[in-house]
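Single-letter residue listing:
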Amino acid sequence: MNILNTAIIGAGAIHSCHVNALRQIPNVALRALVDIDSVKGLKLAMNYQCRFYQDYREMLLDDSIDVVHICTPHFEHKNMILAALAAGKHVFCEKPVGMNSSELADIASAAAQAPGRLGVCYQNRLNPTSLRICKELAEGVLGKMLSIKAVLTWSRSGAYYTESPWRGQLATEGGSLLINQAIHTLDLMQWFAGGVTRLKGVVDSGELADVTQGEDSAMATLHFTNGARGLFYASNCHTTDSPLCLEIHCERGSLLLNDNTLWRITPGERFRLESDASPDGTAKSYWGLGHQQAIRRFYHAIHHPESTDFTDICTAGKSLKIVEAFYRSSQLRQWIDINN
C-alpha cells in the first residue's frame, strides 16, 4: 500500500489530536505543518520532523502532499477546502465544514466534482457509548423512541475568546456555543433519531455578553424524523466542563448517558452497557475519544473508494443546517422547518 503524505493546516490545540492519530496509522507520514505563527509553527515542525509553511497555498503546490487536514478557525474552512480539492488533495476538516448553508452548498458542489475525498471530523459518533446507543436502538429492545433529552453545560471564560479573537464573532466563527461546542450534541441527537424535521429554539448571552457577539446559552424543542421529540439545553456559563447528559426515552425503558457511562433503564432494572474510556492526556475528554477512529476510517476510505464509512459533506451538513435553523428560529421566534 502506497504511503500517503499528509499536511496539517493550523497548529492550534486540536491539531495534536490529528498528529497523534496519524502516528497510529500505517503507511501515513506527516510531511508538512502550516500556521500563520511562524515561531510556533517552525518549532512544532522541527519536533514533528516535517516541513513548515506559513501560507497554505504554497503547501498546496507540493505535488507530493496527498491529504490535507484543516484545523483552523471556522471562517477559513470554505476557502481552504475549495483550494485543497482544486489542487487534487484529499481533505479532512474539523467541524463545522462551513459557517452556513450557502458555504455548505459551494463546498458540496466542489466535492462532487473533485477527484479527492472530503471528510469532516465528528469524532463523538465513534465514542463507545455512541456506538452502543446505535446498536441498542437498531435492536429495538426498548421499543419505539419517544423522546431525546440532552443537557450540555461547559465553561468558557472571557479569556477563551479574547486570546483567540476569531471566537465568538459572527463573521469569523459563525455564532458561538451552538456552532462550536454544542454542534456535536445536536449531531448525535439527529443521528440517533434519523434527522430533524423542525425545531423552535432560543439563544441568548448572559455571562459572556461582553466578550462575544454570539450566544453563550441555548434551548430548543425539536421534532425528529422518526416521530420522537427532542429537548435540548446547552450553556458555556457553567464553572466546569460537565460530561454530556443524554436520555433517550422509549416505550419500554430508557438509555441514559451520564458521567460518560451508558445505562439501560427498564422497570426494576438499571444495567450498565458501556463507558467511554478515560483519555490518555493527549486530548481534552469533552472532545470525545474518537479522533483516531475518525481519521483512520477516512484514510481507509481513501484506499477503498467504495467505502462510505466516514462522515462526508452530506452527513456533516445536517448538523450545520440544524444550527442555522436554531439561529433563525430564535430571531423570528417561530418554528423552522428543516429540509434534510
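Up top is the structure these notes are about.
Residues numbered from 1 in each chain as written. Predicted model: local features only at pLDDT ≥ 70, side-chain atom pairs only at ≥ 80, totals over all residues. Heavy atoms only, no water.

Draft legend 1. Quick look at the environment of isoleucine 36. Of note, isoleucine 36 is situated in the loop between strand E2 (28-34) and helix H2 (38-48). Classification of isoleucine 36 by relative accessible area gives exposed; the value is 70%. Separated by 20 residues in sequence, isoleucine 36 and tyrosine 56 place their C-alpha atoms 8.9 Å apart. (Helix = DSSP H or I, 4+ residues; strand = E, 2+ residues; numbered from the N terminus. Buried < 20%, exposed > 50% of the residue type's maximum accessible area, 1.4 Å probe, protein only.)

Draft legend 2. Region of the structure containing unusual backbone geometry. Here the amide bond leading from lysine 95 into proline 96 is cis, since omega sits at -15 degrees, within 30 degrees of zero. Within the element layout of this structure, proline 96 appears in the loop between strand E5 (90-94) and helix H5 (101-113). With a phi close to 55 degrees, aspartate 259 is a non-glycine residue in the positive phi region. Along the chain, aspartate 259 falls in the loop between strand E12 (253-258) and strand E13 (261-266). Residues other than glycine seldom take positive phi values, yet arginine 333 does so here, at roughly 60 degrees. Structurally, the position occupied by arginine 333 is in the loop between helix H10 (313-332) and strand E15 (336-337).

Draft legend 3. The arrangement of the packing of aromatic side chains in detail. A full pass over the atoms with the stated rule returns six aromatic pairs. Relative to phenylalanine 298, the ring of phenylalanine 92 lies with its centre 5.3 Å away and its plane at 45 degrees, an arrangement referred to as tilted. A residue pair is termed long-range when its members are at least 10 positions apart, and phenylalanine 92 in strand E5 and phenylalanine 298 in helix H9 (residues 291-303) qualify at 206 residues. Comparing phenylalanine 92 with phenylalanine 298, the two get one shared label, buried. (Phe/Tyr/Trp six-rings, centres within 6.5 Å; stacked < 30°, edge-to-face > 60°.)

Draft legend 4. Region of the structure containing the packing of H5 against H10. Where H5 contacts H10, the two axes come as close as 10 Å, and the packing angle between them is 170 degrees. Compared by their axis directions, H5 and H10 come out roughly antiparallel. Judged by residue contacts, Ser101, Leu104, Ile107 and Ala108 of H5 engage Ile313, Gly317, Leu320, Lys321 and Glu324 from H10. In terms of residue class, the contact of H5 with H10 is built from five nonpolar, two polar and two charged. (Axes fitted to C-alpha atoms, helices over the stretch in contact; angles between N-to-C directions. Parallel < 35°, antiparallel > 145°, perpendicular 65-115°, else oblique. Contact = heavy atoms within 4.5 Å. Nonpolar A, V, L, I, M, F, W, Y, C, P; charged D, E, K, R; others polar.)

Draft legend 5. Examining the pairing of E2 more closely. In terms of burial, E2 is a largely internal element, six of the seven residues being buried. Sheet topology places strand E1 (residues 4-9) next to E2; six bridges connect them, and they run parallel. Note that in E2 the partner of isoleucine 8 across the bridge is leucine 33. Tracing the backbone out of E1, into helix H1 (residues 15-23) and back to the parallel element E2 gives a crossover that is right-handed. As paired elements, E2 and strand E3 (residues 51-53) share three bridges and run parallel to each other. Across the sheet, residue valine 34 finds its bridge partner in E3, namely tyrosine 53. With respect to chirality, the unit in which E2 leads through H2 into the neighbouring parallel E3 is right-handed. (Pairing = 2+ DSSP bridges. Right-handed = clockwise from strand over helix to strand, strands pointing away.)

Draft legend 6. Highlighting the sheet that holds E3. Judged by pairing direction, the sheet is parallel, and its six strands sit side by side in the order E3-E2-E1-E4-E5-E6 without closing on themselves. Pairing within the sheet leaves two strands with one partner each, and these edge strands are E3 and strand E6 (118-121). Adjacent strand axes in the sheet meet at a mean angle of 25 degrees, parallel and antiparallel pairs treated alike. By the bridge criterion, four bridges tie strand E4 (residues 67-70) to E5 in an arrangement that is parallel. Considered in E5, the bridge of valine 67 is made with histidine 90. Across the sheet, H1 is in contact with E1, E2, E4 and E5; its angle to E1 comes to roughly 170 degrees.

Draft legend 7. The side chain of histidine 74, seen in detail. Mapped onto the elements of the fold, histidine 74 is located in the loop between E4 and helix H4 (77-86). Under the relative-accessibility criterion, histidine 74 is labelled buried at 3%. A polar side-chain atom of histidine 74 sits 2.9 Å from the main-chain carbonyl oxygen of glutamate 173. Leave out the neighbours within four places in its chain, and histidine 74 touches Lys95, Pro96, Met99, Trp166, Thr172, Glu173, Ile179 and Asn180. (Polar contact = N/O pair within 3.5 Å; in protein donor to acceptor, adjacent residues only side chain to side chain.)

Draft legend 8. Up close: the nonpolar core. Membership of the largest hydrophobic core comes to 70 residues, with the highest contact counts inside it found for Met59, Leu178, Phe232 and Leu246. Considering each element in turn, this core owes the most residues, ten residues, to helix H8 (residues 177-193). Ignoring sequence-local partners within four residues, the contact set of leucine 246 consists of Ile133, Ile148, Lys149, Ala150, Met189, Phe192, Leu255, Leu256 and Leu257. Judged by nonpolar contacts, the second largest core, of 29 residues, contains Ala11, Ala21, Leu33 and Leu126. (Core = buried A, V, L, I, M, F, W, Y, C linked by side-chain atoms within 4.5 Å.)

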